[in-house]
Amino acid sequence: MRFLQSMRKPIAGLVIVAISAFSISWAPAHAAMVSTDKILKQNKQNLDRERLTMLLDRSEVRKQLEAWGVKSEEAKAWIESLTDREISEMVARIDQMPAGGSAIGILVGGALLVFFVLLVTDILGYTDVFQFVKGQ
């Protein structure tokens, strides 16, 4: 019993030091609202980065890179080191290129082609699709 009474003060001091050390070293958590714009911007940046990485996985691109003396792994590492702004500029340039453009132009062109084919066949009398061709 005397042993426990003699160890009470050192144990209490050790507990006080341990609790103080743990409470000082842990920083308080900060919570805040995240805006939708910030999330969408982050998702777009991630998608752009994935798009460039997937582009490097294509066999034609890999062959061209090898012809230039660049390994696919080196190009992927280079893409990972780019900033978000550089990635978005690259994706914008790729979208402006004819082969990497969006499908909207192809869809509009296809719709116009179908319209003109039907118009010509209607004028020639093979079909009866448009009422304005007959002039009634």
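Residues numbered from 1 in each chain as written. Predicted model: local features only at pLDDT ≥ 70, side-chain atom pairs only at ≥ 80, totals over all residues. Heavy atoms only, no water.

*Asks:* I would appreciate a short explanation of the pattern of salt bridges in the present structure.
*Replies:* Side-chain pairs of opposite charge can arise whenever the charged atoms involved come near each other. Throughout the structure, instances matching the rule amount to five salt bridges. Close ionic contact of Glu60 with Arg58 constitutes a salt bridge, the shortest N to O distance being 3.0 Å. Residue Glu89 is joined to Arg85 by a salt bridge in which the shortest nitrogen-to-oxygen separation is 3.5 Å. Of the two residues, Glu89 and Arg85 are both situated in helix α5 (residues 84-96); the distance of four residues between them amounts to about one turn of the helix. A residue is classified by how much of its surface remains accessible, and Glu89, at 40% relative accessible area, is partly exposed. Since its relative accessible area comes to 64%, Arg85 is described here as exposed. (Salt bridge = Lys/Arg side-chain N within 4 Å of Asp/Glu carboxyl O. Helix = DSSP H or I, 4+ residues; strand = E, 2+ residues; numbered from the N terminus. Buried < 20%, exposed > 50% of the residue type's maximum accessible area, 1.4 Å probe, protein only.)

*Asks:* Explain helix α6 (residues 104-124) to me, please; I cannot follow it from the model alone.
*Replies:* Because each turn of an α-helix spans 3.6 residues, side chains separated by three or four positions in sequence point in the same direction. With 21 residues, α6 extends 30 Å between its outermost C-alpha atoms, agreeing within 8% with the 30 Å of an ideal straight helix rising 1.5 Å per residue. Directly beyond the C-terminal end of α6, a positive phi value near 90 degrees is found at Gly125. (Expected span 1.5 Å × (residues − 1).)

*Asks:* Explanation requested: the packing of helix α2 (residues 36-57) against helix α3 (residues 59-67) in the structure shown.
*Replies:* Helix packing for two helices is described by the angle between their axes and how far apart those axes are. Running from N to C, α2 and α3 cross one another at 75 degrees; their axes reach a closest spacing of 5 Å. As judged from the angle between their axes, α2 and α3 are roughly perpendicular. For the pair formed by α2 and α3, the contact residues are Leu55, Leu56 and Asp57 on the first element and Ser59, Val61, Arg62 and Leu65 on the second. Residue composition of the contact of α2 with α3, grouped by class: four nonpolar, one polar and two charged. (Axes fitted to C-alpha atoms, helices over the stretch in contact; angles between N-to-C directions. Parallel < 35°, antiparallel > 145°, perpendicular 65-115°, else oblique. Contact = heavy atoms within 4.5 Å. Nonpolar A, V, L, I, M, F, W, Y, C, P; charged D, E, K, R; others polar.)

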